[in-house]
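What the coordinates show
Single-letter residue listing:
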Amino acid sequence: KNRIMMIRENFTQGNDIICLSHLRWNFVFQRPQHLMSRFRKRQRVFFVEEPIYDAPSRYNELNQDPETQVWVVTPHLPPSSEGDIEEQRSLMDLFISTMRIENYLLWYYSPMYLPYTQHLKPALVVYDCMDELSAFKFAPAQLREYERQLMQRAELVFTGGFHLYEAKRDQHQNIHPFPSSIDREHFAAARRIQEDPVDQASIPHPRIGFYGVFDERFNTSLLGDLAERKPEWHFVIIGPIVKVEQSTLPRNPNIHYLGQKHYNELPKYLSGWDIAFMPFALNESTQYISP
């Protein structure tokens, strides 16, 4: 009961939230962006991105998102300092000092932040384990060990679905399944939109569409096979292509890669589809997802 009261007080007293994410704020608008945007309505939120090693000397880039008012913090470091924990820790301290952050929560999306944040003294530590990151392509070798340590430090843990919860429930005494959901009001607008976006207007029907991240979870061979068997069907693919070689993508004339779109544009595309689909592969990276 005391633990529950402590957690509740930290969220209701308006303490700042420092969110530590492996995803960039201006990438696909998904779980971290949804939650942090909502928290921002009653307290300051700082979304810390992974460092970029492109600068002659270290500095923090601070930008406030004009739509949500969330502060986005991007550390910049010299290429020679990649992996330097002390440098990253120093930049973290500098950002906290610059923004005059005193009472705050740490909300982790990646355990890889632990080495340069474990010296901090937050009022509360939350680990939102939305994916089994260790199963993703190019996952760091230290990730599992850092997650074990983060589980010991966190007061509250969420998982991105029930399957992931079942796999991790014995690792923490205050862990809860928090499956993905939908932005119902946002996407309900697709029922009312009549006009197609310019780059979709010329694509014939029937249209079968997907929006999201096109990565190792996507079943590219299934998409190519469907396109060959049904040349009269047209497949609309919206979203960034990451960790997948462009040369391996099926290039049938009835597959249309329209690239990444702003979150606000998605209902317009959805409105013009006959079917939406999610052709995820059955592999290690999809074992615990909650799409």
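Everything quoted here is computed from the prediction, not taken from an experiment. Per chain, residues are indexed from 1 in the order of the written sequence. Reporting in this predicted model follows two pLDDT cut-offs: at least 70 for local features of residues, and 80 or more for side-chain atom pairs to be given and counted; totals over whole chains, interfaces and linings ignore these cut-offs and use all residues. Only hydrogens and water are set aside when side-chain values are computed; all heavy atoms of the structure are taken into account.

Overview of the state of the cysteines
- By convention in this document, the label disulfide applies to cysteine sulfur atom pairs within 2.5 Å. All told, the structure shown has zero disulfides when counted by the stated rule.
- Unpaired in terms of disulfides, C19 finds its nearest cysteine sulfur in C129, a separation of 14 Å.

Observations regarding empty space enclosed by the protein
- Definitions used for this entry: grid spacing 1 Å over protein atoms alone; cavity, a set of points where a 1.4 Å probe fits but cannot get out; pocket, an open set with protein on both sides within 12 Å along at least 5 of 7 lines; lining residue, one with an atom within 4 Å of a point. Grid points are joined across faces, edges and corners, and a volume is the space filled by probe spheres set on the points. Counted according to the given criterion, the structure contains two cavities of 30 Å³ or more.
- As a volume, the largest cavity reaches approximately 70 Å³.
- Along the walls of the largest cavity sit 13 residues, with P75, Q88, L91, M92 and Y116 positioned nearest its centre.
- A helix here means a DSSP run of H or I that spans at least four residues, while a strand means a run of E at least two residues long, and both kinds are numbered starting from the N terminus. Looking at the lining of the largest cavity, the elements that each hand over two or more residues are β5 (71–77) and α3 (85–98).
- Per element, the largest residue contribution to the lining of the largest cavity is four residues, and it comes from α3.
- Broken down by class, the residue content of the lining of the largest cavity amounts to ten nonpolar, two polar and one charged. By the convention adopted, Pro, Cys, Tyr, Trp, Phe, Met, Ile, Leu, Val and Ala count as nonpolar, Lys, Arg, Asp and Glu as charged, and the other residues, Gly among them, as polar.

Examining the packing of aromatic side chains
- Stacked, tilted and edge-to-face are the three classes assigned to paired rings of Phe, Tyr and Trp, where Trp is represented by its six-membered ring and a pair needs centres within 6.5 Å; plane angles under 30 degrees give stacked, over 60 edge-to-face, the rest tilted. One pass over the structure, following the stated rule, counts 16 aromatic pairs.
- With 5.7 Å between their ring centres and 15° between their planes, F187 and Y211 make a pair best called stacked. Here Y211 lies in strand β10 (residues 207–211) and F187 lies in helix α6 (residues 184–188), a separation of 24 residues in the sequence.
- Under the relative-accessibility criterion, Y211 is labelled partly exposed at 25%.
- Considering the side-chain rings of F214 and Y257, the 6.2 Å spacing of their centres and the 70° angle between planes classify their relative orientation as edge-to-face. Placement of F214 in the loop between β10 and α8 (220–229) and of Y257 in strand β12 (residues 255–259) is noted, with a sequence separation of 43 residues between them.
- When its relative accessible area of 0% is taken as the criterion, F214 is described as buried.
- Members of the aromatic cluster, connected to one another through ring pairs, are W25, F29, F47, F187, Y211, Y263 and W273. Any residue under 20% of the maximum accessible area for its type is buried, any over 50% is exposed, and the rest in between are partly exposed; the area is computed with a 1.4 Å probe on protein chains only.

Thoughts on helix α4 (residues 143–153)
- Listed in full, the buried residues belonging to α4 are L143, Y146, E147, L150 and M151. Projected onto a plane normal to the axis of α4, the buried residues spread over an arc of 145° and lie on a single side.
- Of the surrounding secondary structure, the elements contacted by the buried residues of α4 are β6 (104–108), β7 (124–129), β8 (156–159) and α5 (162–168). Our arc is simply the arc of the directions from the helix axis toward the C-beta atoms. Whether two residues are in contact is decided by their heavy atoms, any of which lying within 4.5 Å being enough.

Digging into the pairing of β8
- With burial as the criterion, each face of β8 is covered, one bearing L156 and F158 and the other bearing V157 and T159.
- Should DSSP find at least two bridges between two strands, the strands are taken to pair. Taken together, the four bridges between β7 and β8 define a ladder with parallel strand orientation. Looking at the pairing, Y127 lines up with V157 of β8.
- Here β8 runs beside strand β9 (residues 175–177); their pairing, made up of three bridges, is parallel. Bridge pairing links T159 to P177 in β9.
- Handedness rule for crossovers: strands pointing away from the viewer, path from the first strand over the helix to the second running clockwise, crossover right-handed. Taken together, β8, α5 and β9 form a β-α-β motif whose crossover is right-handed.

None of the figures reported here should be taken as evidence of function without further support.
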